[in-house]
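# Chains, contacts and geometry: an overview
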Amino acid sequence: MTARIIDGKALSKQLREGFKTRVATLVAQGVTPGLAVILVGDNPASRVYVGNKVKACEECGVRSFHIALLGDTVESEVLTTIARLNADPAVHGILIQLPLPPHIDGRKVLEAISVHKDVDGFHLYNVGGLVVGNTIFPPCTPYGVQLLLDTTGTDVAGKNVVVVGASNIVGKPMALMLLQREATVTICHAKTRDLAQHTILADILIVAAGKPGLIVPQMVKQGAIVIDVGINRLPDGKIVGDVDFEGVKEKASWITPVPGGVGPMTVTMLIENTLRSAERALRMRQTDDYQDWEAPVLKGH
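Residues numbered from 1 in each chain as written. Predicted model: local features only at pLDDT ≥ 70, side-chain atom pairs only at ≥ 80, totals over all residues. Heavy atoms only, no water.

## Regarding the environment of alanine 56
Mapped onto the elements of the fold, alanine 56 is located in helix 2 (residues 44-60). Under the relative-accessibility criterion, alanine 56 is labelled buried at 1%. Apart from residues lying up to four places away in sequence, alanine 56 is in contact with Arg16, Val267 and Ile271. (Helix = DSSP H or I, 4+ residues; strand = E, 2+ residues; numbered from the N terminus. Buried < 20%, exposed > 50% of the residue type's maximum accessible area, 1.4 Å probe, protein only. Contact = heavy atoms within 4.5 Å.)

Have a look at this one:
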């Protein structure tokens, strides 16, 4: 068996084409979706990520506001910037590019973003909402993974899902989103003993550990679906995931490549959340008492 490829690049392109129609509908009603991206400092990788997000906005017709602050910017100035963007009706989404400089309290900064503009899904309200399935914005990477799984036609209900990596950005929210779909979820992390005894049982294996080559063929169940969230740069400059792609693809039924799998979907779901925010703002403008708290993805997008 050779696994079929789950093409995140193709799905992302398809979704972004649909975004253009949604943007045009919003613009026709007087609303131009706007995403503000705040970059503090001059981290080279962060600059690249911000550039990709700005480019994606331009591609879809979303207005981008790029706020670049010096690395020694004090925390209070960052918070003031966020407050200004929270109050700006032209801004529908606010994103803080991580990591922040060590003198800035990242959690405090993220919680300063209005829950209605937290398109990264990192605010405590949105994270807590995942537990009960009533979040406004699902975190972008797990959201993208969920849509990639949908393209395989797999019903995750009752499936054994193993998530390798317990980060607040991917692992934990991913597990909660899959629980909402009635999957049986195991989370593995750095202190998990004998990782292979867990991964070999997975019908669906999602790996987000940040360790190149961590998952090898003997750790994977025959016919499993393997989603590789890892992005690692090797000394020779090559970008690889956390999974031994060449070996594992001979056992898996479906597998994501790196690059070209989960990566493109993360930025695409950021745009999706921004459009959802703009659409919600329009509905609230049209109906003063309108309340729209649910994220349809958690009910089976």
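## A look at the pattern of salt bridges
Taken as a whole and assessed by the stated rule, the structure comprises 11 salt bridges. Taking the shortest distance from any N to any O, the salt bridge between aspartate 150 and arginine 181 comes out at 2.7 Å. With aspartate 150 in helix 6 (residues 140-151) and arginine 181 in the loop between helix 7 (171-180) and strand 6 (184-188), this pair connects stretches of sequence that are 31 residues apart. One salt bridge in this structure joins arginine 276 and glutamate 272, with 3.5 Å as the shortest N-O distance. In this pair, arginine 276 and glutamate 272 are both assigned in helix 10 (residues 262-286), four residues apart and thus about one turn of the helix distant. This pair shows no difference in class: arginine 276 is buried, exactly as glutamate 272 is. Residues joined in a network through salt bridges with shared partners are Arg22, Glu272, Arg276 and Glu279. (Salt bridge = Lys/Arg side-chain N within 4 Å of Asp/Glu carboxyl O.)

## Description of the sheet that holds strand 8 (residues 225-228)
Hydrogen bonds between backbone groups are what pair the strands of a sheet, and the pairing can be parallel or antiparallel. With parallel pairing, the six strands of this open sheet are ordered in space as 1-11-8-7-5-6. The open sheet is flanked by strand 1 (4-5) and strand 6, the only strands paired with a single partner. Where strand 8 lies against strand 11 (residues 254-255), two bridges are found, and the strand directions are parallel. Bridging from a neighbouring strand, valine 226 pairs with isoleucine 255 of strand 11. Packed onto the sheet, helix 7 meets strand 5 (160-164), strand 6 and strand 7 (204-207) and runs at close to 170° relative to strand 6. (Pairing = 2+ DSSP bridges. Axes fitted to C-alpha atoms, helices over the stretch in contact; angles between N-to-C directions.)

## Observations concerning the confidence of the model for the protein chain
Model confidence for the protein chain is summarised by a mean pLDDT of 93, while 95% of its residues fall at 70 or above. Low pLDDT (under 50) marks residues 293-301, which in the prediction has 31 contacts with non-local residues, meaning those over four places away or in another chain. (pLDDT = per-residue confidence, 0-100.)

## Remarks on the nonpolar core
The biggest cluster of nonpolar side chains holds 51 residues, and the ones touching the most others in it are Leu149, Ile206 and Ile227. At nine residues, the largest contribution of residues to this core is made by helix 10. Residues within four places of leucine 149 in sequence aside, it is in contact with Thr154, Val156, Leu178, Ile204, Ile206, Ile225 and Ile227. (Core = buried A, V, L, I, M, F, W, Y, C linked by side-chain atoms within 4.5 Å.)

## So, the sheet that holds strand 2 (residues 34-40)
Strand order in this open sheet of three strands is 3-2-4, and the pairing throughout is parallel. Both outer strands of the open sheet, strand 3 (63-69) and strand 4 (93-96), are each paired with one neighbouring strand and no more. Sheet twist, expressed as the average angle between the axes of neighbouring strands with direction ignored, equals 15°. Relative to strand 3, strand 2 is paired through seven bridges, and the arrangement is parallel. Within the sheet, the bridge partner assigned to leucine 35 lies in strand 3 and is serine 64.

## Looking at helix 6
Over its 12 residues, helix 6 runs 17 Å from end to end, which matches the ideal 16 Å to within 8%, given 1.5 Å per residue. The element helix 6 is largely enclosed, with a buried count of 10 among its 12 residues. By the burial criterion, the buried members of helix 6 are Cys140, Thr141, Pro142, Tyr143, Gly144, Val145, Gln146, Leu147, Leu148 and Leu149. The inward-facing, buried residues of helix 6 contact helix 1 (8-28), helix 7, strand 7, strand 8 and helix 10. Count one or two residues on from helix 6 and you reach glycine 153, which has phi positive near 75°. (Expected span 1.5 Å × (residues − 1).)

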